[in-house]
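As a plain string of letters, each chain reads:
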Amino acid sequence: MSDPLFDDLYRDTEHLTWAPVEQVRHRGRQRTRRTRVAASLAGVVAVVVVATGAVALGAGPDAAPPIVPATGSPTPTPARTPTPSTSPSHSVDPTPDDSGSPTSGTSSSPADAGKPSTPRRETSIPAAAMMQLADLPTGFTMTNGEPDGDWTLESVSANCRNQSASLAKGQVAERFRVFDSPTDSLIQRVTRYSGDAAAAHLDAMREQVEKCEPYRAGDSLDVLAEGFGGDESMLVGSVMEGRPTRWILVRQGDLVAQLRVDWNTTPQDAAHLARPVADRLCAGTDAC
């Protein structure tokens, strides 16, 4: 019994004309060469693509963009206007005073331009308002700056039971000087007060001294003399824990000078010393 599949194949190919064997072999060799060439070309294209990507990655953001052909007349680039450079701000050279501390100048800011200037109260204390070596006997040396320790009259008044709470009201500036000699020393503090606080300070100090009730028996705090220089003045003496001390207070306008002097300073010595102190204070206040 015949196979139907074989019969169909025989019937379809019975009248076909078959190419010679050599021609079939030639066509097979051509197809093989085309396949190899296509594979080679595909490999070259892959290599080129990889190399191009590597170059693009290595170039980074600085790589030049591709040149686009011009499609019309180029637009001229406008000339860049140079930007004027800002002049450096000028600072005022600090001018050192006799204390060696520079005093910087001030300049108005642009925000203040056009605003009406109003007079401002000077709160600094000039060096000329302080005592000078010429006011003391020869042999003294001068040092600027606050000395260590509790040497002021306010610190000694802390030994009184009835301490005043208003001794420092209205203070706006202070300056110190220390004078030393082989046998003596003098400390000066000049304080500027606002408004009438300078006169109120002297009144509070006087009341504190006169009403002092020392904690320890034998201690004392007294006003020894008044009215010997400036607008107001006092010589105050104390004995605390057996140690005698003297202070001179001189007010001129809104400035008050306090001096700790030798413990045996007399009212006459205080008057002699208060005169140059009051004259110096006039350099720092318009009350003279």
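A short tour of the structure in this document, coming up. Just so we're clear, the structure is a prediction, and the values are computed from it rather than from any experiment.

## Quick notes on the pattern of salt bridges
Summed over the entire model, instances satisfying the criterion amount to 12 salt bridges. Arg-280 is the salt-bridge partner of Asp-135, the closest N and O atoms lying 3.0 Å from each other. Taken together, the residues Asp-135 in the loop between strand S2 (102-103) and strand S3 (141-144) and Arg-280 in helix H5 (residues 267-281) connect sequence positions 145 residues apart. Residue classification places Arg-280 among the partly exposed residues on the basis of a relative accessible area of 25%. With a closest N to O distance of 3.8 Å, Asp-231 and Arg-251 form a salt bridge.

## Observations regarding the nonpolar core
Counting residues in hydrophobic clusters, the biggest one holds 26 residues, and the most contacted among them are Met-131, Leu-186, Phe-228, Ile-248, Leu-259 and Leu-273. If you list the elements that add at least two residues to this core, you get strand S4 (171-180), strand S5 (185-193), strand S8 (243-252), strand S9 (255-261) and H5. For this core, the element with the highest residue contribution is H5, accounting for seven residues. Apart from residues no more than four positions distant in its own chain, Ile-248 is found in contact with Phe-228, Met-234, Leu-235, Ala-257, Gln-258, Leu-259, Val-261, Ala-270 and Leu-273. The next biggest cluster of nonpolar side chains, apart from the first, holds 19 residues, and it includes Ala-197, Leu-221, Val-236 and Trp-247.

## Re the pairing of S5
For S5, the buried fraction is high: eight of the nine residues fall into the buried class. Both S4 and S5 contribute to a ladder of nine bridges, which runs antiparallel. Bridge pairing in S5 places Asp-180 opposite Ser-185. Hairpin geometry of S4 and S5 is characterised by an intervening segment of four residues between the two adjacent antiparallel strands. For S5 and S9, the ladder comprises six bridges, and the chain directions are antiparallel. Within S9, the position partnered with Ile-187 by the bridge is Arg-260.

## So, the pairing of S8
Among the 10 residues of S8, eight are classified as buried, and the element is accordingly described as predominantly covered. Looking at chain direction, strand S7 (residues 232-240) and S8 are connected through nine bridges and run antiparallel. By the bridge assignment, Ser-233 is partnered in S8 with Val-250. Linking S7 to S8, which pair antiparallel, is a turn of two residues; within it Glu-241 sits at a positive phi near 55°. Hairpin connection from S8 to S9: two residues lie between these consecutive antiparallel strands, with Gly-253 at a positive phi of about 65°.

## Some thoughts on H5
Counted at 1.5 Å a residue, the expected span for H5 with its 15 residues is 21 Å, and the 20 Å between its end C-alpha atoms agrees. Remark: the principal bend of H5, roughly 30°, maps to Ala-274, with a proline, Pro-276, within the next four residues. Taken together, the buried positions of H5 are Ala-270, Ala-271, Leu-273, Ala-274, Val-277, Ala-278 and Leu-281.

## Focus on the layout of surface pockets
The volume enclosed by the largest pocket comes to roughly 290 Å³. Together, 16 residues line the largest pocket, and Leu-136, Pro-137, Asp-184, Leu-186 and Leu-273 are the ones closest to its centre. Every element with two or more residues in the lining of the largest pocket is listed here: S5 and H5. Class assignment of the residues belonging to the lining of the largest pocket gives a composition of eight nonpolar, four polar and four charged. Of the pockets and cavities examined, the second largest pocket occupies roughly 250 Å³. If you trace the second largest pocket, you find 14 residues lining it, with Asp-150, Val-156, Met-240, Arg-243 and Thr-245 closest to the centre. Sorting the residues of the lining of the second largest pocket by element identifies helix H3 (153-156), S7 and S8 as the ones contributing at least two each. Ranked by residues supplied to the lining of the second largest pocket, first place goes to S8 with four residues. For the lining of the second largest pocket, the class distribution of residues is five nonpolar, four polar and five charged.

The rules we used
Residues numbered from 1 in each chain as written. Predicted model: local features only at pLDDT ≥ 70, side-chain atom pairs only at ≥ 80, totals over all residues. Heavy atoms only, no water. Salt bridge = Lys/Arg side-chain N within 4 Å of Asp/Glu carboxyl O. Helix = DSSP H or I, 4+ residues; strand = E, 2+ residues; numbered from the N terminus. Buried < 20%, exposed > 50% of the residue type's maximum accessible area, 1.4 Å probe, protein only. Core = buried A, V, L, I, M, F, W, Y, C linked by side-chain atoms within 4.5 Å. Contact = heavy atoms within 4.5 Å. Pairing = 2+ DSSP bridges. Expected span 1.5 Å × (residues − 1). Bend = angle between axes of the 7 residues up to and from the residue. 1 Å grid on protein atoms, 1.4 Å probe; cavity = no way out; pocket = protein on both sides within 12 Å on 5 of 7 lines; lining within 4 Å. Points joined across faces, edges and corners; volume = space filled by probe spheres on them. Nonpolar A, V, L, I, M, F, W, Y, C, P; charged D, E, K, R; others polar.

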